[in-house]
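# Structural features, examined
Now for the letters of each chain:
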2 protein chains.
Amino acid sequence: MSEEFHVVQPAAHNALVEAAYLHRGFNQHESEAAARFGEYAARHGVRTHNAIKALHLDEHFGSYTGGCIPCAEIESIPSRFAACEVWNANKKIGQASAYAAIDRAIELADKYGIGQVSVDNAFHYLWGGGYVMEAAKRGYIAYTNCTAALAEVVPFQGKFPTLGTNPHSWGFPTTDAIGFPIVIDWATSVVSMGRVQQFIREGAQLPAGAGVDSKGLPTIDPNHVSALVPFGAHKGYGLSLINELVAALIGGSLPTLRCRDIPAGEKSTPAYYFQVIHPDSLNAGAYAEGRNQITNLKAVLNDILGHGNENCLLPGQLEAMWAEKVEAAGGLLFTEAEIQAFNQIAATCGAQTLTV
Amino acid sequence: MSEEFHVVQPAAHNALVEAAYLHRGFNQHESEAAARFGEYAARHGVRTHNAIKALHLDEHFGSYTGGCIPCAEIESIPSRFAACEVWNANKKIGQASAYAAIDRAIELADKYGIGQVSVDNAFHYLWGGGYVMEAAKRGYIAYTNCTAALAEVVPFQGKFPTLGTNPHSWGFPTTDAIGFPIVIDWATSVVSMGRVQQFIREGAQLPAGAGVDSKGLPTIDPNHVSALVPFGAHKGYGLSLINELVAALIGGSLPTLRCRDIPAGEKSTPAYYFQVIHPDSLNAGAYAEGRNQITNLKAVLNDILGHGNENCLLPGQLEAMWAEKVEAAGGLLFTEAEIQAFNQIAATCGAQTLTV
């Protein structure tokens, strides 16, 4: 790795993050959920969605501006469908509501084979991959999507950003087969606005087809990028639309209003969708060569990564490798800049700073 | 349109297709399903998966070679999960088993809000979009994936084709909102092998990043393409893996054996997965501005395609426009070459030829 990392004890990290959330008015349960999720992101090397980012998002769109309401209670909307729940999160902190939703979807999948929890009036849950990875480690197939905070992406062949970076996350219970869960998790834009900022800082150009200027014309100059482009042309556009359609069916409103100041009577909240499938509910029980579901998964993955493809990675493998590195180092790994960011947060809430 | 099309009465088309399937030993119900699906593909302009293609696939991988068994009976495997079914299709013709599966998934969604049907020992169902479009027209959210017939696609950064073109298809019940169902439906390779053949015929080059040669090196010369590449780098690769993982969990075996001569004890059949969601099961009942689920969908789509994006299309719109053209023409539209292909099929089974 090109950057130097410092080892931070999870307990110290979690105490700092909890204190920051408690200081902002969140309750103990919410603050613990935020610390746990921050640890999980850091443990898997997801530096774009660690606790620093979470607290930053809370400041810009969350508890400072009314987008997230500390101590909000989730209401379950009555439904006639046994395998499904619909919740009004009342703008509760995303990490706590998303953990609750995936846990409930797992219970539904245990009972019905498949279950879903749809969440209206939500707040940013950060890294969808974290929830489905956790469910996959517990033995389930899990899926989530959410509408992103801001409309930064133009429709395919469009000019004006009316879509979020709308990510999709799938987790598969492959730990027993290959040692870690396969987690397929990405935004539907070619790059994020964070990457555009990075290209500006580094004086680099964008890949072709990743951004458009204010007139909707393609540009590779990050200084001229005013909106992002979906990956894979109409294919990524379709995937991005899915999040908006699901959110619209749940209760989300116009994407261009999301997380913004809005007219009375309108809604600006994102929505989440969680789905969990019990792997037994797919099992037809007739695997070749006397294999079972797990050894069959392993055989199929060996075939895909055989025949000269041995150097290919599986989605989720980098995250699993980072977790091994963390295990070996005996603590979470943060850069000097990240340690400083944490300690600035500590200063604002009187928490113990991180020592390295 | 650059090609000239002839108008063919659906009844004449269906009689010919039915006769061809009956001639190959399929029963009346199966032959009707194949004709109905061929009509549906032709009605929506899906020329790559019309009845000519279906009969061609049956010849190469199906009833001529034992990949598909006429008059096979579907067995439902006992499951402890109420919202899920798992079937052994016993290599029954794809159109009939897929119609049965989506119908059953709709019944499960009516009862549980969400339902799934997994199908092992399947045969090619042609165009997944057709099944989810039908479910979407009936008011449901529907999803299907299947493992493709042949391993033609290399993993991301791989050299050897071990993945199928593994398509995904989603349908959304947007007819009441915008006049047609949104259908997101595509293969996970940049292009299909059919397109590579077309580039060879036309003396054209492939887009960059669509194909590799026999050494696994990128090439844009269609004559040198030995395998395809997933769209969107690791993102399309992840989407392609989903089909293999789901199939592996159901009962599918190694992708490189699929639809090929195989060692004893192995399986070479594809697997399908169908999922249907009742839109009421997502409804949190709190739309902005007093909207309901349908008017909210319409408002969200108007926002996405507003602000200068008015010329963008929605997925499924081209198919809906083709269906309008068919309606206006008073019959299905086929090229001269397609009519000739149908009439060659008619000659082999003694069916009435198409007249134009």
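Computed from a prediction, not measured in an experiment: that's the story for all the values here. (Residues numbered from 1 in each chain as written. Chains lettered and ligands numbered in written order. Predicted model: local features only at pLDDT ≥ 70, side-chain atom pairs only at ≥ 80, totals over all residues. Heavy atoms only, no water.)

## Focus: the nonpolar core
For soluble globular proteins, nonpolar side chains are generally found buried alongside one another. Among the nonpolar cores identified, the biggest contains 232 residues, and A:F172 and B:F172 are the most heavily contacted of them. Apart from the residues lying within four places of it in its own chain, the contact partners of B:F172 are A:I242, A:L245, A:V246, A:L249, B:A136, B:Y140, B:I141, B:P181, B:I182 and B:I184. (Core = buried A, V, L, I, M, F, W, Y, C linked by side-chain atoms within 4.5 Å. Buried < 20%, exposed > 50% of the residue type's maximum accessible area, 1.4 Å probe, protein only. Contact = heavy atoms within 4.5 Å.)

## Concerning the interface of chain B and chain A
Taken together, the 93 residues of chain B in the interface contact 93 residues of chain A. Here chain B and chain A share an interface that buries about 7,100 Å² over both sides, 67% of which is from carbon and sulfur atoms. Its largest share of buried area at the contact with chain A, chain B owes to B:K235, B:L249 and B:L282, together 11% of the area lost on that side. One can count four salt bridges joining chain B with chain A. In this assembly, chain B and chain A are joined by 41 residue pairs in polar contact (both at pLDDT 80 or more). Elements supplying a minimum of two residues to the side of chain B that touches chain A: strand 3 (84–88), helix 4 (94–112), strand 4 (114–120), strand 6 (168–172), strand 7 (182–186), helix 8 (234–250), strand 11 (272–277) and helix 9 (293–304) of chain B. The greatest single-element share of the side of chain B that touches chain A, amounting to 14 residues, is contributed by helix 8 of chain B. In terms of residue class, the side of chain B that touches chain A is made up of 52 nonpolar, 28 polar and 13 charged. (Buried area = accessible area lost by both parts, 1.4 Å probe. Salt bridge = Lys/Arg side-chain N within 4 Å of Asp/Glu carboxyl O. Polar contact = N/O pair within 3.5 Å; in protein donor to acceptor, adjacent residues only side chain to side chain. Helix = DSSP H or I, 4+ residues; strand = E, 2+ residues; numbered from the N terminus. Nonpolar A, V, L, I, M, F, W, Y, C, P; charged D, E, K, R; others polar.)

## Some details on unusual backbone geometry
If a residue is not glycine, its phi is most likely negative; likewise, a peptide bond is most likely trans. Residue and element names in this part refer to chain B. In this structure, C71 is a non-glycine residue whose phi angle is positive, near 65°. What makes C71 partly exposed here is its relative accessible area of 39%. We note that A233 has phi near 50°; this positive angle belongs to a residue other than glycine. Residue A233 is classed as partly exposed on the basis of its relative accessible area of 32%.

## Comments concerning helix 5 (residues 128–137) of chain B
Residue and element names in this part refer to chain B. Burial runs high along helix 5: eight of the 10 residues are buried. Those residues of helix 5 that fall on the buried side of the exposure criterion are G128, G129, G130, Y131, V132, M133, A135 and A136. A positive phi of about 105° marks G139, the residue just after helix 5.

## Notes on the pattern of salt bridges
All names here are of chain B. Evaluated as defined, the whole model comprises 28 salt bridges over all chains. Across the pair E30 and K92 runs a salt bridge, and its minimum N-O distance is 2.8 Å. With E30 in helix 2 (residues 28–43) and K92 in the loop between strand 3 and helix 4, this residue pair connects regions lying 62 residues apart in the sequence. Here the two residues E30 and K92 agree in accessibility, since each one is buried. Its salt-bridge partner being E107, residue R104 comes within 2.6 Å of it at the nearest N-O pair.

## Remarks on empty space enclosed by the protein
Per the counting criterion, the structure on display carries five cavities of 30 Å³ or more. Taken as a whole, the largest cavity spans an internal volume of roughly 390 Å³. Looking at the largest cavity, it is lined by 26 residues, and the ones nearest its centre are A:Y143, A:Q275, B:Y143, B:W170 and B:Q275. Elements with a contribution of two residues or more to the lining of the largest cavity: strand 5 (141–146), strand 6 (168–172), helix 8 (234–250) and strand 11 (272–277) of chain A together with strand 5 (141–146), strand 6, helix 8 and strand 11 of chain B. Each residue belonging to the lining of the largest cavity can be placed in one class, and the counts come to 21 nonpolar, five polar and no charged. (1 Å grid on protein atoms, 1.4 Å probe; cavity = no way out; pocket = protein on both sides within 12 Å on 5 of 7 lines; lining within 4 Å. Points joined across faces, edges and corners; volume = space filled by probe spheres on them.)

## Concerning the pairing of strand 3 (residues 84–88) of chain A
All names here are of chain A. Buried residues dominate strand 3, accounting for five of its five residues. Burial along strand 3 is two-sided: C84, V86 and N88 facing one way and E85 and W87 facing the other are all buried. Looking at chain direction, strand 2 (residues 75–77) and strand 3 are connected through three bridges and run antiparallel. Bridge pairing links E75 to N88 in strand 3. (Pairing = 2+ DSSP bridges.)

## Things to note about the relation of the copies chain B and chain A
With an RMSD of 0.0 Å, chain B superimposes on chain A once it is rotated by 180° and translated 0.0 Å along the axis. This pairing of chains is accounted for by a two-fold axis. For chain B, the residue whose C-alpha comes nearest the rotation axis is B:G232, separated from it by 2.6 Å. Residue by residue, 100% of the interface of chain B is reproduced at the interface of chain A, so both copies engage with the same surface. (Least-squares fit on C-alpha atoms with pLDDT ≥ 70 in both.)

## Things to note about the domain arrangement of chain A
All names here are of chain A. Segmentation of chain A into domains returns domain 1 (1–71 + 333–356) and domain 2 (72–189 + 230–282). Computed over C-alpha atoms only, the centres of domain 1 and domain 2 are separated by 23 Å. Tallying the contact residues gives 24 residues for domain 1 and 21 residues for domain 2. Both faces considered, domain 1 and domain 2 share a buried interface measuring about 2,100 Å² in area, 68% of it formed by carbon and sulfur atoms. Together, F37, Y40 and F61 form the three largest contributors to the area buried by domain 1 at its contact with domain 2, with a combined 32%. Counting across the interface, domain 1 meets domain 2 through two salt bridges. The residue E134 makes a salt bridge to R36 at a minimum N-O spacing of 3.6 Å. (Domains from an automatic or database assignment.)

## Section: the sheet that holds strand 2 (residues 75–77) of chain B
Residue and element names in this part refer to chain B. Pairing in this open sheet of seven strands is mixed, and the strands run 2-3-4-11-5-6-7 from one edge to the other. Single-partner strands in this sheet number two, and they are strand 2 and strand 7. Shown here is a sheet whose adjacent strand axes are inclined to one another by a mean of 15°, direction ignored. (Axes fitted to C-alpha atoms, helices over the stretch in contact; angles between N-to-C directions.)

## A few points about the sheet that holds strand 9 (residues 218–219) of chain B
Paired through their backbone hydrogen bonds, the strands of a sheet run either parallel or antiparallel. Residues and elements named next belong to chain B. Here three strands make up an open sheet; going across it, the order is 9-8-10 and the pairing antiparallel. Of all strands in the sheet, those with a lone pairing partner are strand 9 and strand 10 (227–228), marking the two edges. Note: strand 8 (residues 211–212) against strand 10, two bridges, orientation antiparallel. The residue of strand 10 that forms the bridge with G211 is L228.

## Comments concerning the side chain of B:K92
Classification of B:K92 by relative accessible area gives buried; the value is 9%. A polar contact of 2.8 Å, which involves the side chain of B:K92, links it to the side chain of B:E30.

## As for the packing of aromatic side chains
In this structure the tally under the stated criterion is 36 aromatic pairs over all chains. Consider the rings of A:Y99 and A:Y131, whose centres lie 5.4 Å apart with planes at 80°: the pair is edge-to-face. Of this pair, A:Y99 sits in helix 4 (residues 94–112) while A:Y131 sits in helix 5 (residues 128–137), placing them 32 residues apart in sequence. Over the ring of A:F231 we find B:K235, and its NZ or CZ is 5.0 Å from the ring centre. (Phe/Tyr/Trp six-rings, centres within 6.5 Å; stacked < 30°, edge-to-face > 60°. Lys NZ or Arg CZ within 6 Å of the ring centre and 35° of its normal.)

## Section: helix 2 (residues 28–43) of chain A
Since the α-helix turns once every 3.6 residues, residues separated by three or four places project in the same direction. Residues and elements named next belong to chain A. In this model helix 2 runs 22 Å from its N-terminal to its C-terminal C-alpha over 16 residues, within 8% of the 22 Å that 1.5 Å per residue would give. Considered for burial, the residues of helix 2 that qualify are E30, S31, A33, A34, A35, F37, G38, E39, Y40, A41 and A42. Structurally, helix 2 contributes buried residues whose contacts are with helix 1 (10–23), helix 3 (51–61), helix 4, helix 5, helix 10 (317–329) and strand 12 (332–334). (Expected span 1.5 Å × (residues − 1).)

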